[in-house]
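Below are the chains, spelled out letter by letter.
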Amino acid sequence: MNLLETILEEHSKKNCDKIISWVGTDQKRFDELFLLFLNDEYRVTQRASWPLSFCTIAHPFLIEKKLDKLLRNLKKPGLHNAVKRNTVRLLQHVNIPEQNEGVVMEICFEYLESPNEAVAVKAFALNTLSKLAKKYPEISPEVKLLIEDQIAHQSAAFKVSARRFLKEFS
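Residues numbered from 1 in each chain as written. Predicted model: local features only at pLDDT ≥ 70, side-chain atom pairs only at ≥ 80, totals over all residues. Heavy atoms only, no water.

Caption draft 1: Highlighting the overall build of the protein chain. Across its full length, the protein chain holds 10 helices and 0 strands. Going from N to C terminus, the protein chain has its helices and strands arranged as α-α-α-α-α-α-α-α-α-α. Taken against the 2.2 N^0.38 rule, which gives 15 Å for 170 residues, the C-alpha radius of gyration of the protein chain at 16 Å falls within 12% of a compact globule. Principal-axis analysis of the C-alpha atoms places the extent of the protein chain at approximately 50 × 30 × 25 Å. Taking all 170 residues of the protein chain together, the buried fraction comes to 48%. In the protein chain, once contacts between residues fewer than 6 apart in sequence are set aside, the share between residues at least 24 apart is 68%. (Helix = DSSP H or I, 4+ residues; strand = E, 2+ residues; numbered from the N terminus. Rg over C-alpha atoms; globule rule 2.2 N^0.38 Å. Buried < 20%, exposed > 50% of the residue type's maximum accessible area, 1.4 Å probe, protein only. Contact = heavy atoms within 4.5 Å.)

Structure, rendered in structure tokens:
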């Protein structure tokens, strides 16, 4: 399979599943997908982010050696919403090494605080912060304040994550 051609072929669930199936548990194939994910062409990164997130959720070990690069990528200005959404989605499902926890918290708090951030990104950031709050309960008061400020005017996805957090940390 020519991965770049496949990614550019179409943006569909069927194509995403085809890529996920092709990668499977193969680290070299995952690494190839990861390189395209870091590409400078927005359409390539956007389309690579979707299968990348689901490959990682299914096989978290594939991202372990790439986590630093993944987090550096999240700090790029002007990042496409799909890249942020899919990256924060996968962060909910991986073990975050201690040396990366601070960076992940910082990124997730930025997304949660931002009035312009997409709702799905906020919901996934909230779920990731919930996971980290189990280890660092001192962050839960700040998360609660952000939830209380936003819950009235957010979507159902955000409200579900917010209620789950409040139930667990109240």
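Caption draft 2: Local environment of the environment of proline 115. Following the sequence through the fold, proline 115 ends up in the loop between helix H7 (98–113) and helix H8 (119–135). Between the C-alpha atoms of proline 115 and lysine 76, which are 39 residues apart in sequence, the distance is 18 Å.

Caption draft 3: Structural context of the packing of aromatic side chains. Summed over the entire model, instances satisfying the criterion amount to 3 aromatic pairs. Measuring from ring centre to ring centre gives 5.7 Å for phenylalanine 34 and phenylalanine 37, while their planes differ by 40°; the resulting arrangement is tilted. In this pair, phenylalanine 34 and phenylalanine 37 both sit in helix H3 (residues 27–37), 3 residues apart, roughly one turn of the helix. Taken as a pair, phenylalanine 34 and phenylalanine 37 share a single burial class, namely buried. (Phe/Tyr/Trp six-rings, centres within 6.5 Å; stacked < 30°, edge-to-face > 60°.)

Caption draft 4: View of the side chain of serine 140. In this fold, serine 140 is placed in helix H9 (residues 140–150). Excluding residues that lie within four positions of it along the chain, serine 140 makes contacts with Phe165 and Phe169.

Caption draft 5: Focus on the nonpolar core. Membership of the largest hydrophobic core comes to 49 residues, with the highest contact counts inside it found for Leu33, Leu70 and Leu91. Excluding residues that lie within four positions of it along the chain, leucine 91 makes contacts with Leu67, Leu70, Leu71, Leu74, Ile96, Val104, Thr128 and Lys131. (Core = buried A, V, L, I, M, F, W, Y, C linked by side-chain atoms within 4.5 Å.)

Caption draft 6: Spotlight on the pattern of salt bridges. For the structure shown, the criterion picks out 8 salt bridges. A salt bridge links lysine 66 to aspartate 31; the nearest nitrogen and oxygen atoms lie 3.5 Å apart. Of this pair, lysine 66 sits in the loop between helix H4 (42–58) and helix H5 (67–74) while aspartate 31 sits in helix H3, placing them 35 residues apart in sequence. When its relative accessible area of 22% is taken as the criterion, aspartate 31 is described as partly exposed. Put simply, glutamate 98 and lysine 135 hold a salt bridge, and the shortest N to O gap is 3.6 Å. Of the two residues, glutamate 98 sits in helix H7 while lysine 135 sits in helix H8, which places them 37 residues apart along the sequence. Of the residues examined, glutamate 98 reaches a relative accessible area of 59% and is grouped as exposed. Lysine 135 gets classed as partly exposed once you look at its relative accessible area, which sits at 45%. Through salt bridges with shared partners, a single network forms among Glu98, Glu101 and Lys135. (Salt bridge = Lys/Arg side-chain N within 4 Å of Asp/Glu carboxyl O.)

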